[in-house]
Protein chains: 2
Amino acid sequence: MAVQPILINGEWKKADAVRHFQAENPATKKPLSDEYPVSSWKDCDEALDAAVVAAEELRSLSGAKIASFLERYAERIEARADDLVEMGNAETGLAKSPRLADAELPRTTNQLRQAAESARNESWRVATIDTKAGIRSAYGSLGPVCVFGPNNFPFAFGSISGGDFAAAIAAGNPVIAKANSSHPGTTRIFAEEAMKAVEDTGLPKATVQLIYRTGHADGEKLVADPRNGATGYTGSRGAGLKLKEAADKAGNPIYLELSSINPVAILPGALEERFDEIVEEFKGSCLLGAGQFCTNPGLVILMKGGKTDAFIDAVAKKFDDAPVHTLLSKGVQEGLADSLKILKDAGAELITGGKSGAGEGYSQSNTLLSVSGSKFLAKPEELQSEAFGNTSLVVVADDTNQARDILRVLEGNLTACIYSHTGGDDDKLYDTLAPYLRQNAGRLLNDKMPTGVAVSPAMNHGGPYPATGHPGFTAVGIPASIIRFGMLQSFDNVRPHRLPSYLQDKNPNGEMWRLIDLEWTTSDVK
Amino acid sequence: MAVQPILINGEWKKADAVRHFQAENPATKKPLSDEYPVSSWKDCDEALDAAVVAAEELRSLSGAKIASFLERYAERIEARADDLVEMGNAETGLAKSPRLADAELPRTTNQLRQAAESARNESWRVATIDTKAGIRSAYGSLGPVCVFGPNNFPFAFGSISGGDFAAAIAAGNPVIAKANSSHPGTTRIFAEEAMKAVEDTGLPKATVQLIYRTGHADGEKLVADPRNGATGYTGSRGAGLKLKEAADKAGNPIYLELSSINPVAILPGALEERFDEIVEEFKGSCLLGAGQFCTNPGLVILMKGGKTDAFIDAVAKKFDDAPVHTLLSKGVQEGLADSLKILKDAGAELITGGKSGAGEGYSQSNTLLSVSGSKFLAKPEELQSEAFGNTSLVVVADDTNQARDILRVLEGNLTACIYSHTGGDDDKLYDTLAPYLRQNAGRLLNDKMPTGVAVSPAMNHGGPYPATGHPGFTAVGIPASIIRFGMLQSFDNVRPHRLPSYLQDKNPNGEMWRLIDLEWTTSDVK
């Protein structure tokens, strides 16, 4: 059984491995055949050195050149779709179709192409020109970016294919990808195609590099290294906070997506009006991808009385009737069981589900719990534990005041939803509750479940801590996500011919939006 | 001798003081008459509670209302100018004129008025509308902001009057100001006028609050408190890093301006061409405000040979001939002496100056040191110690390669300057060196010293760590500095009448720039 090589400075080479690991097929619980190395610091060190050289070259390339790579890579991914879907399914248990082939893969290539478009027109730079003061500024490339991808989106959030990758490259930075250990083979196929696209388009050879795994200490050393420009991390809160601590201490930016329970408040009038529809939407959003979405609705707030008990019963029945999907890994199954115990110990009652191994491979029966508002307020921290998977907790509030108190103690989340009566019956309650949900979440939704995360310029896939590490940035949406990997650079009295093309008088491509004397325009400087 | 009250929730009240302190006149070395409290946690706690209430109200106010406060406050500052200048001079030793009355005070009111303009037109929000996806986003108010001001700009960077204050308020947040202990009286006068402006314009009473000082542990607790939205800090690296650690751990954004030695490379052709002019400019920039500027040129890189020795001699003579100004405090004088020792121990030679107490009150003779490029490269960390005051270190590089190596080891800085021959004699060297300076500094200048920091939309008063805590943000320049105190908020499928006015179809004021379907416009949504 061969150990897979890592990708350093344009070459697939034997890792300096401290040990090896295998991925497991979560549906069969059997290890997959390939072995992957756990790299020593030596591999990280080499990747960083190569990335620094690549960064120096990349930051002087035109946006069009960067764009050509992203587009070529998207084409190569499409040509390799069958392999990716096959491997992705084997490593994650996610359905080949529609999930991997028809939803996540097109999302991934679409995202790369949107990033290419932004790299080409360069509007993401927020070029700002003050002709009177003779000062011009824009976001420039920051330097090497380390990307740690999550387990739940092997394509669209993959460390060498997903949103952080696309944003970091579009900003003109090389990426050192750290594969998620649950899908190293999928990551390898992406890296193969990315490297070929680098060669096809003549980018610096260390533009994309791949390490499968490191020890924890080396991971922390990597994000804190002075050669590293920034880090993108999506994953568990525990591991993320360790990396955050190391990066923060070194003064290196790190963008994290850590955890979110995505509260959904369903107001009484909405239940009166659209009972069946909401039951169905909620069930669908909860169980999509076996609930393994960062925006999975893990907490539902209902008002006592009215159709609330009927709603809980109806959802429980739907949960029982729905198929039990395979979870991503043994770790996810165990994590779910642990979270369930925390929730139950804190006073939540199991309505249905809660059984480990109820489906094919790693799995848990679709699970619904409930708790009263007063019990929730007695143990708000425990009852906000993220149960990552097909599990949701209903909180039933006694009255408006209690509902507001519940919203007040919520931690930061990626999303918050409110369902309300279309005729206005819930408007007073909406107005009371919405401000609290608004301040605790990056994205507020009306009458819609949070699991769809459109790649839109207006998307905010972010939110206050601990959903992320900073409430001002989004991980999804272009061009907004790109500036995370830029540094603000001001040019004061710099001679015109020495300015980067995007800050010279002439608009570099006729399409770039620039803020000239406080007016946005695609024109040249007059 | 009365102890001055603190300003909490609209009232000037007796602090819960753990002890008291007095400011000192650095020119006379005599304590000033007023006593100020060092607050216990109880005061911080009350301020936070009040700020949370104010934040809830403030974030729903119109930009015009916020603007009216900022403008009213600017007027009140102007009416109180004599008191401010008198007190500022007594507490800091900075000249009444032109420095305080004619430079810093107009800068301060101008900055408040620019912030008002931004608050009114709301363009700072980066409102982004995706009509097809039904998603709209913008920066909203983040919540209470703590501001820690530095010692060196009692007006323009003051905790209740300066750039961080103006930006935090413009973003619709209340401010808890922590006075700098070296000028509590100046801060008090500002707070009096700010509070009156709050009353004049009907803003929530805890919009502005003032605490003079806390123990270190309480300061860290304050920035880390969940009720705190973000912190702006300008000051010493040591104290700043303690606050950063506490804030980072809590996931609260903190924007820091920590230290910077602002490298200036003067290329041989420039010296040949404009010798006298550059000597004069350099001397002026070095000694301005006794060198107590965040952008003071503390490191000068020259190439061996040519007019380099003559330059050093000429600057030394200018330093000797120039008056020795009073430093801000005993601490600054002691800090300078400590830094000088570090620099000398690491191999720097004293060319001139270096004498503590050479002028009126706390002072040090104007000081120039030099070191060879190879010695610099042997102890780069020590030789980058910031000597905050009228002190600069010349590094003489043997050749281009060594000059590049020197630039490569530089830490992050706020600014970097290159002087070069206007006819192109230095162009090759410029092209070799500029990329390194560019990546290590927030603002790159040509043929101009770094001490002027224009309040321009294109200004970047920021830079890579350890100049600041994040390379993507600026502390000076409007509207860019405002977004530091905003949170990104996305509205997905939210009913039109529930959207904030700045995201509704109609442009809220006809002037707000919004990114609608990837086009910047001041028009309504079609």
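Scroll up for the structure.
First, a word on what this report is: a plain description of the structure on this page. Owing to the predicted nature of the structure, the values given are computational and were not obtained by experimental measurement.

**Some thoughts on helix α1 (residues 41-58) of chain A**
Residues and elements named next belong to chain A. With 18 residues, α1 extends 25 Å between its outermost C-alpha atoms, agreeing within 8% with the 26 Å of an ideal straight helix rising 1.5 Å per residue. Within α1 the residues assigned to the buried category are W41, D43, C44, A47, L48, A50, A51, A54, A55 and L58. Packing partners of the buried residues in α1 comprise β1 (6-8), β6 (36-39), α2 (63-79), β10 (175-178), β11 (208-211) and α7 (216-224).

**Describing the pattern of salt bridges**
Across all of its chains, the model carries 74 salt bridges over all chains by this definition. Here E192(B) ties to R188(B) by a salt bridge, and the two come within 3.3 Å at their closest N and O atoms. Of this pair, E192(B) and R188(B) both sit in helix α6 (residues 184-201), four residues apart, which is roughly one turn of the helix. The exposure class of R188(B) is buried, given its relative accessible area of 12%. The network of salt bridges with common partners includes D34(A), R72(A), E75(A), R76(A), R80(A), D83(A), R188(A), E192(A), E193(A), K196(A) and D200(A).

**A few points about the sheet that holds strand β18 (residues 391-397) of chain B**
The strand order across the open sheet formed by twelve strands is β23(A)-β22(A)-β7(A)-β8(A)-β21(A)-β20(B)-β19(B)-β14(B)-β15(B)-β18(B)-β17(B)-β16(B), and the pairing between neighbours is mixed. Edge strands, defined here as strands with exactly one partner in the open sheet, are β23 (519-521) of chain A together with β16 (349-352) of chain B. For this sheet the average axis-to-axis angle between neighbouring strands, irrespective of direction, equals 25 degrees. Sheet topology note: the strand β7 (residues 128-130) of chain A/strand β22 (residues 514-516) of chain A ladder contains two bridges and is parallel. When the bridges of β22(A) are listed, I129(A) appears paired with I516(A). Packed on one face of the sheet, helix α13 (residues 400-408) of chain B meets β15 (299-303) and β18 of chain B and runs near 140 degrees to β18(B).

**Let's talk about the packing of aromatic side chains**
Residue and element names in this part refer to chain B. Counted according to the given criterion, the structure contains 27 aromatic pairs over all chains. Where F153 meets F293, the ring centres are 5.1 Å apart and the plane angle is 80 degrees; that geometry is what we call edge-to-face. Residue F153 is located in the loop between β9 (145-148) and α5 (163-170), and its partner F293 is located in the loop between α9 (268-287) and β15; the two are separated by 140 residues in the primary sequence. The exposure class assigned to F153 is buried, which follows from its relative accessible area of 9%. The class of F293 is buried, set by a relative accessible area of 10%.

**Some thoughts on the relation of the copies chain B and chain A**
By a simple turn and slide, chain B fits onto chain A: the slide is 0.0 Å along the axis, the RMSD is 0.0 Å, and the turn is 180 degrees. On this basis, the relationship between the two copies can be described by a two-fold rotation axis. A share of 100% of interface residues in chain B that are also interface residues in chain A marks the association as one of identical surfaces.

**Regarding the nonpolar core**
Side chains of nonpolar character tend, in soluble globular proteins, to be buried together. Residues F69(A), Y73(A), V208(A), F69(B), Y73(B) and V208(B) are the most contacted members of the largest nonpolar core, which totals 260 residues. Contacts of V208(A), omitting those with residues within four sequence positions, involve L7(A), F69(A), I160(A), F165(A), I169(A), V175(A), A194(A), M195(A) and V198(A).

**A short note on helix α7 (residues 216-224) of chain B**
Residue and element names in this part refer to chain B. For α7, the full list of buried residues reads D218, G219, L222 and V223. Viewed end-on, α7 has its buried residues packed into an arc of 135 degrees, placing them on one side of the element. Facing away from the buried side of α7 by over 90 degrees, the exposed positions are H216 and A217. The secondary structure elements touched by the buried residues of α7 are β6 (36-39), α1 (41-58), β9, β12 (230-234) and α8 (237-250).

What counts, and at which threshold
Residues take numbers from 1 onward in each chain, read along the sequence in its written order. Chain A is the first chain written and ligand 1 is the first ligand written, with later ones labelled in order. Per-residue local features of the predicted model are confined to residues with pLDDT of at least 70, and side-chain atom pairs are confined, for both listing and counting, to 80 or more; whole-chain, interface and lining totals are unaffected and use all residues. The side-chain values count all of the structure's non-hydrogen atoms but skip hydrogen atoms and water molecules. Helix and strand assignments follow DSSP, with helices taken as H or I runs no shorter than four residues and strands as E runs no shorter than two, numbered in order from the N terminus. A helix is expected to span 1.5 Å multiplied by its residue count minus one. Categorising residues by exposure relies on relative accessible area from a 1.4 Å probe, with only protein chains included: less than 20% of the type maximum marks a residue as buried, more than 50% marks it as exposed, and the intermediate range marks it as partly exposed. In this analysis, two residues are considered to be in contact whenever any of their non-hydrogen atoms come within 4.5 Å of each other. Any Lys or Arg side-chain nitrogen located within 4 Å of an Asp or Glu carboxyl oxygen qualifies as a salt bridge. At least two DSSP bridges between two strands are required for those strands to pair. Here, axes are lines fitted to C-alpha atoms. For helices the fit covers the stretch in contact, and angles between N-to-C directions go from 0 to 180 degrees. Under the pairing criterion, centres of Phe, Tyr and Trp rings, with the six-membered ring standing for Trp, must be within 6.5 Å; the plane angle then separates stacked pairs below 30 degrees from edge-to-face pairs above 60, leaving the rest tilted. Here the copies are superposed with least squares, the fitted atoms being C-alpha atoms of residues at a pLDDT of at least 70 in both. Each nonpolar core is a collection of buried residues, namely Ala, Val, Leu, Ile, Met, Phe, Trp, Tyr and Cys, held together in the definition by side-chain atoms within 4.5 Å. Here the arc refers to the set of directions running from the helix axis out to each C-beta atom.

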